[in-house]
Amino acid sequence: MLTSKSPKSGSQTPLWSLPLARARDLNGAVGMEDPDGICVSIAQFIEQLQANICTSAEKEVAAKNLLDLVKSSKDARLAIGSHSQAIPLLVALLRSGTITAKINAALTLGFLCKEEDLRVKVLLGGCIPSLLALLRSGTAEAQKAAAKAIFAVSHGGVADHVGMKIFVTEGVVPSLWDQLHPKGKQEKLVDDLLTGALKNLCTNTEGFWQATLEAGGIDILVKLISSGSTAAQSNASSLLASLMLASEASCTKVLNAGAVRYLLKLLGPANEVSVRSEAAGALEVLSSKLISAKKAIVDEGGIPILISSVVAPSKEFMQGLPAQALQEHAMGALVNISGGMSAIVLSLGESIESFRSDIQVADIIGVLAYALMVFNENSYTAGSLDVLKIEGLLVRQLKPHSSQLVQERAIEALASLYGNAHLSIGLLHAEAKRMLVGLVTMASCEIQEELMHLLRNLCSVNSDLWQSFEGREGIQLLISFLGISTEQQQEHAVALLSILSVEVDDSKWAITAAGGIPPLVQLLESGSWKAKEDAALLLGNLCSHSEEIRACVQSADAVPALLWLLRNAGPKGQEVAAKALKHLIRDADAAIVNQLVALLWGNKPNSKVHVIMLLGCLLSVASHEELIQKEGAANKGLQSLIQMLGSSEEETQENAASVLADVFGVRKDICENIGRLEIINPLIKLLNIGTEPIAMQSARALAALFSSTETNKDVVYTTSGAVKPLIELGKSPSISAAEMAINALANLLSDAQIAEQAFEEDIIPSLTKVLRDGTKGGKGHAAGALARLLSHMPVDDVLVERLHHCGTVVALVAFLASTDLDNVTSSDALEALAILARVKQGGGPAIPTWAVLAELPNSLEPLVKCLAIGLPPVQEKAIEVLWRLCRDQSIVLGDLVVEMPRCIVALANRVIYSSTLEVKVGGTALLICAAKEHKKIALDTLNESGLFAQLIHSLVRMMKHAMKMKDLTVDKFEEVQGRTNQGGHFQERETFTEHDSASVLGGTVALWLLSIIASFNSESKVAIMEAGAMEVLIQKLANFSSSAHQVFCCSSIG
């Protein structure tokens, strides 16, 4: 046994004891057991490398033993890497050992680099100078060992910034190029490894390309491409491509070096696919940089070679990434040469019929198929691609006289065309064609020709889908694929049937009559997931067509299969199953409702959205008794939906609220019978704590419940907590959210307390926003809400000022302009305007409503239109608003009334027949506006209407009534004056009412209009006299004379 002396004690320590101690350290470092004694052996070998007494031969043996271990054992590599002295000792041996030891050390370091962490340690251990020196040593084995180590240590990738600095500092790139120079004599394996190392370094080393050009790298690479080994040719081609991408100036040098010929030669089938793909990549880059390179490729006969390269993977049964890269790069070079993808597609299509050889035609179509597959939105160049022309060229290759090879390639190309979303969008029935092409590729020879015949029909100009499939015969053929066939055939057949059922009504009965329903139900049970989904979609389409077909589907036991699909399918399958069941089920069958409730509370499906939707549909058609009967299936279903409002899933909460809104919207009969607190409180809670989408659906559900408040007043008293969150929701920037909140509040505002609370919470801006920007229905609810609010609130200066500030009046009139008032007996917008118009101006600064409208003449037209087309109640509301504008906008009003002749007749009717004095007075005032500016037109219209005489009599009665009311008013004035003089208080109810004012003003406007009528013609004068107007005038003059005498006497006495 060898021993060594301790420098400190002088005692002798056996060498084996040191490795055992190291072995224990190694075991702990690598955290593993050592059943094979690897760690012990490694420790011994490292100690031998470290021991000064070991001879060079012993160190060679130790290095060889370490190499043997790391070749085959990852544990050994990790154990060596964990030893703090292992890599430094190997690098030292590489620097100063014997040639054999250096070779073993280099190889060992190379194997260590298989582990990324160890690769970094090796690199940082300072091995690069010694490896470069060993590479230059001239010994073949030494060069191979050094090249292997350099190749391994260069595998850092773009993120290896430290390694990049080391390689630059040590001049690795120039050294490797120098070693590859043709003057050097070395084995081809060394060339393979060095070009591989350069390929590793080219993407992340500073100055790499400059050093490459200075070292004559282009000539070296071209030489390697022409005569190197397979690996060297692959690496050299890749380096050339990268060089040309990094330095455009190098492209001309590459071209002049004759690289095109050698690269095209590498595309031949005799070469490995990795070489061919890299060569194609270099040609793609070169052709993208230089026009002269394109010409050189063409001149060297490169087009056929590139075409063969594109189709090589399918012809030679290649697989993997290199095969894909070969297609991609060869196609890229063809695109560059042709001037763009659109150009190459068109060129390939047009060249199909110029070749006589079936093999050549098949290759051209194969390239076209690939081009159509990879075509994208960036592929369009100048001019649009005529996809119809390409389709026609391909379909012509499906004729019976074409060879099977050509037909197969044409089918592949058509599959690419129809499967490309960017190209198929310009084709009619593209999805049906895609499915049919899929069936053709999978069908047996006997059926394939029949299917191609249908495809030719479908691709003909202006083809009709039903006629292309030859009606029922095509349906029967497709149904035959639903039985015993492959999953893919079933999927394509049922997808085609589904498309036909959507686009052709006749197909639904054809499918039913051909016995298609039973195999479709069978597919729901045993088909692939795609087939199940399309079968469910198709069955839903059939059920929606007619009751008879629906009954056939139901009798085929489709319901259980669809419920199973609803439970177990993915999101799309659940959706189509739910829709099919919605069309299939016509009543709230207790068994089905119970199954849906079970799904609602079960683990599957994960999403309850479609179960909730379907359950809501069934509850909508359930009888009233079923819904309110405790322990009944429908009642349990309703209660389950209500409980879903408390789910922890936001999606479930939102959909439950939405479905409840739908149910309450169509089943108002149950709103009075369900427990209101039980449903309203959870909805109010969601308003307060839910997201905005959840709050919107909750508001919609509350709106449906609140729509019954007029017949069910006690609902109002359970909803006070909803007002504030609804108003907050109404303030949302989203108009949809605001609209739903106002819809919910609209009926609640019928209650005075809620109206007051709403005003205090500042509901006016939200109402106005919906009036201005909401949907038609939302605007209607907002107008109704405003009318109810105004009917309960004292319309004082504060409220009026708020309305004007928000622009509410203008928004009301704009909404009125968009409303269809034909045959409508009431209008909330008009009602709100009428309430505002009746308000007397107080002492505050608020501007009256009619003054706001007077400033906007364009806003008057909708109101005048109400006179022309509305029913009497609507006309009277419009008159209440418009007549107050007669002073400020008399000309505009007169013009508008005359422009709509029906207005004049309507006004006359209201003056004659209305029971409201204010309407009579207002109508008369508006007739005066029209007659002042357009006397002949207005009076001619009245004369032609047949209402002239009746109008005159009505006006005379108004004068008589005014005289009586004047006497009463004077008496009342004297009474009030007397009480005031006696120290009494002047109460509001003792003031002149608006009715009193209208009565007094009625005599004036009646007399005014009669004077205008009297000046029209002699017949009008006679009619006025016959109506008793002279007696009224005489009496009026007498009264005036008496009043004047009394005033004179009083003043004389005074």
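For clarity, every value in this text was computed on a predicted model and none was experimentally measured.

**Student:** Looking at this structure, how should I read the overall build of the protein chain?
**Tutor:** Regarding its fold elements, the protein chain presents 63 helices and 2 strands. The buried share among the 1054 residues of the protein chain stands at 52%. Partitioning the intrachain contacts of the protein chain with sequence separation of at least 6 by distance along the chain shows that 70% fall at a separation of at least 24. With the model as given, the accessible surface of the protein chain reaches about 47,300 Å², and the carbon-plus-sulfur share is 54%.

**Student:** I would appreciate a short explanation of the pattern of salt bridges in the present structure.
**Tutor:** Two side chains bearing opposite charge may form a pair once their charged atoms approach each other closely. Enumeration over the complete set of coordinates arrives at 30 salt bridges. When the shortest N-O distance is used, the salt bridge between Lys579 and Glu575 registers 3.2 Å. Placement of the pair is Lys579 and Glu575 together in helix H37 (residues 571–584), with a separation of 4 residues, close to one helical turn. Put simply, Asp662 and Arg700 hold a salt bridge, and the shortest N to O gap is 2.9 Å. Of this pair, Asp662 sits in helix H42 (residues 650–666) while Arg700 sits in helix H44 (residues 692–706), and the two are 38 residues apart along the sequence. According to the relative accessible area criterion, Arg700 is partly exposed, its value standing at 25%. A network of salt bridges, in which partner residues are shared, links Glu141, Lys144 and Glu187.

**Student:** How do you make sense of helix H20 (residues 302–315) when you look at a structure like this?
**Tutor:** Every α-helix carries 3.6 residues per turn, so stepping three or four residues along brings you back to the same face. With 14 residues, H20 ought to run about 20 Å at 1.5 Å a step, and its terminal C-alpha atoms sit 19 Å apart, in line with that. At Ser309, H20 shows its maximal kink, close to 30 degrees; a proline, Pro313, follows between one and four residues later. All buried positions along H20 are accounted for by Gly302, Leu306, Ile307, Ser309, Val310, Val311, Ala312 and Pro313. The elements touched by buried residues of H20 are helix H17 (259–266), helix H18 (273–289), helix H19 (291–299), helix H21 (321–338) and helix H23 (358–374). Directly beyond the C-terminal end of H20, a positive phi value near 55 degrees is found at Phe317.

**Student:** Just checking my understanding: could you explain the environment of Thr768 for this structure?
**Tutor:** In this fold, Thr768 is placed in helix H48 (residues 764–773). Placed 14 residues apart in sequence, Thr768 and Ala782 show a C-alpha to C-alpha distance of 7.7 Å. Filtering out sequence-adjacent residues up to four positions away, Thr768 remains in contact with Cys806, Gly807, Thr808 and Ala811.

**Student:** Sorry if this is basic, but what is going on with H21 here?
**Tutor:** The end-to-end C-alpha distance of H21, which contains 18 residues, comes to 26 Å, matching closely the 26 Å that a straight helix rising 1.5 Å per residue would cover. Looking only at H21, the buried set comprises Ala323, Ala325, Leu326, Gln327, Ala330, Met331, Gly332, Ala333, Leu334, Val335, Asn336 and Ile337. In this structure, the buried side of H21 is in contact with H18, H19, H20, helix H22 (341–351) and H23. Residue Gly339 follows H21 closely and has a positive phi angle near 95 degrees.

**Student:** Is there a simple way to explain the confidence of the model for the protein chain in this structure?
**Tutor:** Detailed reading of the predicted coordinates is not advisable wherever pLDDT is low. Considering every residue of the protein chain, the mean pLDDT works out to 83; 87% of them sit at 70 or more. Every residue in residues 1–32 scores below 50 in pLDDT, and together they form 42 contacts with partners more than four places removed in sequence or on other chains. This model gives residues 968–996 a pLDDT under 50, and the stretch forms 24 contacts once residues within four places in sequence are excluded.

**Student:** Help me understand the packing of helix H14 (residues 217–227) against helix H15 (residues 230–246), please; the structure alone is not making it clear to me.
**Tutor:** Packed helices, taken two at a time, are described by the angle between their axes plus the distance between the axes. Where H14 meets H15, the closest approach of the two axes is 8 Å, and the angle between their N-to-C directions is 145 degrees. Of the two possible hands of crossing, H14 and H15 adopt the one that is left-handed. Contacts from Ile218, Leu221, Leu224, Ile225, Ser226 and Ser227 of H14 reach H15 at Ala232, Gln233, Ala236, Ser237, Leu239, Leu240 and Leu243. A per-class count over the contact of H14 with H15 returns 9 nonpolar, 4 polar and no charged.

**Student:** What is the right way to read the packing of aromatic side chains from this model?
**Tutor:** When we look at a pair of aromatic rings, we describe it by the centre distance and by the angle of the planes. Using the criterion set out here, one finds 3 aromatic pairs in the structure. Between Phe208 and Trp209 the ring centres are 4.7 Å apart and the planes differ by 85 degrees, which places this aromatic pair in the edge-to-face class. Judged on exposure class, the residue Phe208 and its partner Trp209 are both buried. Summarising the aromatic geometry, the rings of Trp529 and Trp564 are spaced 5.8 Å apart at their centres and angled 10 degrees between planes, so their arrangement reads as stacked. Placement of the pair is Trp529 in helix H34 (residues 529–545) and Trp564 in helix H36 (residues 558–568), with a sequence separation of 35 residues. Its relative accessible area of 41% is what places Trp529 among the partly exposed residues.

**Student:** Looking at this structure, how should I read a negative patch on the surface?
**Tutor:** A grouping of Asp587, Asp589, Glu625 and Glu626 is seen on the molecular surface, where their side chains present a negatively charged patch. Relative to the assigned elements, Glu625 resides in helix H40 (residues 624–628).

**Student:** Even after reading the chapter, I still don't get the side chain of Gln574, so can you show me in this structure?
**Tutor:** If you trace the backbone, Gln574 turns up in helix H37. Here Ala569 takes part through its backbone oxygen, which lies 2.8 Å from a polar atom of the side chain of Gln574.

**Student:** Quick question: what am I supposed to make of a nonpolar patch on the surface here?
**Tutor:** A cluster of nonpolar residues, Val120, Leu124 and Val162, forms a patch on the protein surface that exposes about 250 Å² of accessible area. Along the chain, Val120 falls in helix H7 (residues 116–124). Overall, Val120 belongs to the partly exposed group, its relative accessible area being 31%.

**Student:** What's the story with unusual backbone geometry in this structure? I'm lost.
**Tutor:** Look at the link from Lys604 to Pro605: it is a cis peptide, with omega at -5 degrees. Locating Pro605 in the fold gives a position in the loop between helix H38 (590–601) and helix H39 (609–621). For Glu470, which is not glycine, the phi dihedral falls at a positive 55 degrees. Its identity is not glycine, yet Asp557 carries a phi of approximately 60 degrees, on the positive side.

**Student:** Help me out: how do you make sense of the nonpolar core in this one?
**Tutor:** Looking at soluble globular proteins, one finds that nonpolar side chains tend to be buried together. With 360 residues, the main nonpolar core has Leu176, Val345, Leu566, Leu596, Ile763 and Leu786 as its most contacted residues. With sequence-adjacent residues up to four places away left out, Val345 is seen in contact with Leu368, Ala371, Leu372, Phe375, Leu385 and Ile390.

**Student:** So what exactly am I meant to see when it comes to the side chain of Ser130 here?
**Tutor:** Considering the arrangement of structural elements, one finds Ser130 in helix H8 (residues 128–135). On the basis of relative accessible area, Ser130 is assigned to the buried category, the value being 10%. Sequence-distant contacts of Ser130, that is, excluding residues within four places in its chain, are made with Val91, Leu94 and Arg95.

**Student:** Mind showing me how you'd approach the packing of helix H56 (residues 890–899) against helix H58 (residues 917–933) here?
**Tutor:** Close contact between H56 and H58 brings their axes to 8 Å; oriented N to C, the two are set at 90 degrees. In terms of their interaxial angle, H56 and H58 are classed as roughly perpendicular. Contacts between H56 and H58 involve Ser890, Ile891, Leu893, Gly894, Asp895, Val897 and Val898 from the first element and Leu926, Cys929, Ala930, Lys932 and Glu933 from the second. Taken together, the residues that form the contact of H56 with H58 break down as 7 nonpolar, 2 polar and 3 charged.

**Student:** How should I be thinking about the environment of Ile937 in this particular structure?
**Tutor:** Locating Ile937 in the fold gives a position in helix H59 (residues 935–945). Residue Ile937 is classed as partly exposed on the basis of its relative accessible area, which comes to 46%. Residues Ile937 and Pro901, spaced 36 residues apart in sequence, show a C-alpha to C-alpha distance of 8.9 Å.

Each value, and the rule that gives it
Residues numbered from 1 in each chain as written. Predicted model: local features only at pLDDT ≥ 70, side-chain atom pairs only at ≥ 80, totals over all residues. Heavy atoms only, no water. Helix = DSSP H or I, 4+ residues; strand = E, 2+ residues; numbered from the N terminus. Buried < 20%, exposed > 50% of the residue type's maximum accessible area, 1.4 Å probe, protein only. Contact = heavy atoms within 4.5 Å. Areas by Shrake-Rupley, 256 points an atom, 1.4 Å probe, with all protein chains shown as cover. Salt bridge = Lys/Arg side-chain N within 4 Å of Asp/Glu carboxyl O. Expected span 1.5 Å × (residues − 1). Bend = angle between axes of the 7 residues up to and from the residue. pLDDT = per-residue confidence, 0-100. Axes fitted to C-alpha atoms, helices over the stretch in contact; angles between N-to-C directions. Left-handed = near helix turned anticlockwise from the far one by under 90°. Nonpolar A, V, L, I, M, F, W, Y, C, P; charged D, E, K, R; others polar. Phe/Tyr/Trp six-rings, centres within 6.5 Å; stacked < 30°, edge-to-face > 60°. Patch = residues over 30% accessible without salt bridge, like charges linked within 9 Å, V, L, I, M, F, W, Y side chains within 5 Å. Lys, Arg positive; Asp, Glu negative; His and termini not counted. Charge placed at Lys NZ, Arg CZ, Asp CG, Glu CD. Polar contact = N/O pair within 3.5 Å; in protein donor to acceptor, adjacent residues only side chain to side chain. Core = buried A, V, L, I, M, F, W, Y, C linked by side-chain atoms within 4.5 Å. Parallel < 35°, antiparallel > 145°, perpendicular 65-115°, else oblique.

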